[in-house]
Amino acid sequence: MPGLLLDTLRGQNVRPRPAWLMRQAGRYLPEYRALRAEKGGFLALVYDSAAAAEITLQPIRRYGMDGAILFSDILIVPYAMGQDLEFLAGEGPHLSPRLVDAGLASLNAVPERLTPIYETVKLVKAALPADKTMLGFAGSPWTVATYMVAGEGSRDQHETRAMAYRDRAAFQAIIDAITAVTIEYLAGQILAGAEAVQLFDSWSGSLAPAEFERWVIAPNARIVAEIARRFPQVPVIGFPKGAGEKLPAYARETGVQALGLDETIDPLWAARALPEGLPVQGNLDPLLLIAGGAELETQALRVLEAFATRPHVFNLGHGIGQTTPLEHVGQLLALVRNWRG
């Protein structure tokens, strides 16, 4: 029994709408906070497969989400490519050596760093109810490259964008290397039990149109094509945050089986502009989930109604905030599950 989420990602317009929330396994849940306090830092949790599986399952137990999204991080790929990775309290992730200072040749790959992630997928899949979908994921090459080049996150990705203009060949080599590892990483997750995968391109909105074509659309198209060749039954969800008016081209040219929309996208525009019948996912503002009340319900209904005639996975426009009240999540899911369009 595939379940509502997998049916939707394969192109069926089902009722009730399936729902899951980006970052649903995380800091807003008291059971997550308790386990993190017991186990230690973020990376320690990711590499403790039993703990990571437990975290992945927590929102399924509490809310009955239709999808279980793997508890991990997009920076596992550069970690496996040979960069050192640490998460510093209050500062976020740090990678070294920075590729703005050192080339790819400075890295020595450590592919075994991916193995515990596959074990997490296996553990979750074994425990997951048959009607729930196991979701794997990876960062898209552009977004991963921004961290690898700069060694950390940044608001405008200026160092990476400058490098991409300054040395096309060197930056193309970085994108190609990330693309190759990402294909194998997603394939490993699928072989371990992932039934659909999502590509997170959190910083795609910082690129000019021609750069978007080269560094977002082209590598994602290669990933989608290879996953489709190896695993034709496994849908790929593309989530190019900030892409705006470039979304229709992204959808057509990457070949993704479903498209995630961030909260800046007007759902009525998306319903008109995107390829007919393409499943969409999103796109409620995460801040509405913090606010709750009547406005949460009004805006959630607006999203549902905008996508009434196409396959739609209800989700947020980005990750759930850590201060989100638990009862607001329950309020939202009750509305989505009772809506029949």
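Residues numbered from 1 in each chain as written. Predicted model: local features only at pLDDT ≥ 70, side-chain atom pairs only at ≥ 80, totals over all residues. Heavy atoms only, no water.

### Quick notes on the side chain of Thr8
Basically, it comes down to this: Helix and strand labels come from DSSP, where a helix needs a run of H or I of at least four residues and a strand needs a run of E of at least two; each type is numbered from the N terminus. Throughout this description, buried means an accessible area under 20% of the type-specific maximum (1.4 Å probe, protein chains only), exposed means over 50%, and partly exposed covers the range between.
Within the secondary structure layout, Thr8 lies in helix α1 (residues 4-9). Given a relative accessible area of 0%, Thr8 falls into the buried group.

### What about the packing of aromatic side chains?
Note the following rule: Classification of ring pairs rests on two measures: the distance between centres of Phe, Tyr or Trp rings, Trp counted by its six-membered ring, which must be within 6.5 Å, and the angle between planes, read as stacked under 30 degrees, edge-to-face over 60 and tilted in between.
This structure, assessed with the given rule, holds ten aromatic pairs. Between Phe212 and Tyr250 the ring centres are 6.4 Å apart and the planes differ by 55 degrees, which places this aromatic pair in the tilted class. One end of the pair, Phe212, is in helix α10 (residues 209-230); the other, Tyr250, is in helix α11 (residues 247-254), with 38 residues separating them in the sequence. Owing to a relative accessible area of 0%, Tyr250 belongs among the buried residues under this scheme.

### Quick word on helix α6 (residues 115-127)
Rule in force here: Each residue after the first adds 1.5 Å to the expected span of a helix. By construction, the arc corresponds to the directions joining the helix axis to the C-beta atoms. Two residues qualify as a contact provided that any one of their heavy atoms is within 4.5 Å of a heavy atom in the partner residue.
The first and last C-alpha atoms of α6 sit 19 Å apart over 13 residues, in line with the 18 Å expected at 1.5 Å per residue. Taken as a whole, α6 has its buried residues at Ile117, Tyr118, Thr120, Val121 and Val124. What you see down the axis of α6 is that its buried residues fit within an arc of 155 degrees, all on one side. On the buried face of α6, the contacting elements are α3 (42-46), α4 (49-63), β1 (67-69), α5 (76-81), β4 (133-139) and α9 (168-192).

### Re the pairing of strand β3 (residues 92-96)
The criterion, for reference: Strand pairing requires that DSSP identify at least two bridges connecting the strands.
The pairing of strand β2 (residues 84-88) with β3 spans five bridges and is classified as antiparallel. Bridge pairing in β3 places Leu85 opposite Leu95. The antiparallel hairpin formed by β2 and β3 contains three residues in its connecting segment, where Gly90 sits at a positive phi of about 80 degrees.

### A look at the pattern of salt bridges
What counts, and what does not: Each reported salt bridge corresponds to a side-chain nitrogen of Lys or Arg within 4 Å of a carboxyl oxygen of Asp or Glu.
Tallying each qualifying case throughout the model produces eleven salt bridges. A salt bridge links Glu211 to Arg168; the shortest N-O distance between them is 2.8 Å. Residue Glu211 is located in helix α10, and its partner Arg168 is located in helix α9; the two are separated by 43 residues in the primary sequence. Relative accessible area serves as the criterion here: at 6%, Glu211 is assigned to the buried category. Judged by its relative accessible area of 29%, Arg168 falls in the partly exposed class. Linking Arg229 and Glu226 is a salt bridge whose minimum nitrogen-to-oxygen distance equals 2.6 Å.

### Examining the side chain of Asp66
Relative to the assigned elements, Asp66 resides in the loop between α4 and β1. Those residues in contact with Asp66 that lie beyond four places of it in its chain are Leu4, Leu5, Arg17, Pro18, Ala19, Asp131, Lys132 and Thr133.

### Notes on α9
The end-to-end C-alpha distance of α9 is 36 Å, a good match for the 36 Å that 25 residues give at a rise of 1.5 Å each. Of the residues trailing α9, Gly193 is marked for its positive phi of about 135 degrees.

### Side note on the packing of helix α7 (residues 141-150) against α9
This is how it is decided: Orientation is described by lines fitted to C-alpha atoms, with helices fitted over the stretch in contact, and by angles between N-to-C directions that extend from 0 to 180 degrees. A clockwise turn of the near helix away from the far one marks a right-handed crossing, whereas an anticlockwise turn of less than a right angle marks a left-handed crossing. Gly falls in the polar group here, along with every residue not listed as nonpolar (Ala, Val, Leu, Ile, Met, Phe, Trp, Tyr, Cys, Pro) or charged (Asp, Glu, Lys, Arg).
Interhelical geometry of α7 versus α9 gives an angle of 120 degrees and a closest axis separation of 9 Å. The handedness of the crossing between α7 and α9 is right-handed. Of the residues in α9, those touching α7 at Pro141, Trp142, Val144, Ala145, Met148 and Val149 are Phe171, Ile174, Ile175, Ile178 and Thr179. Split into classes, the residues belonging to the contact of α7 with α9 amount to ten nonpolar, one polar and no charged.

### What about the environment of Ala162?
Along the chain, the position of Ala162 falls in helix α8 (residues 158-166). The exposure class of Ala162 is partly exposed, given its relative accessible area of 33%. For the pair Ala162 and Ala34, spaced 128 residues apart in sequence, the C-alpha to C-alpha distance is 42 Å.

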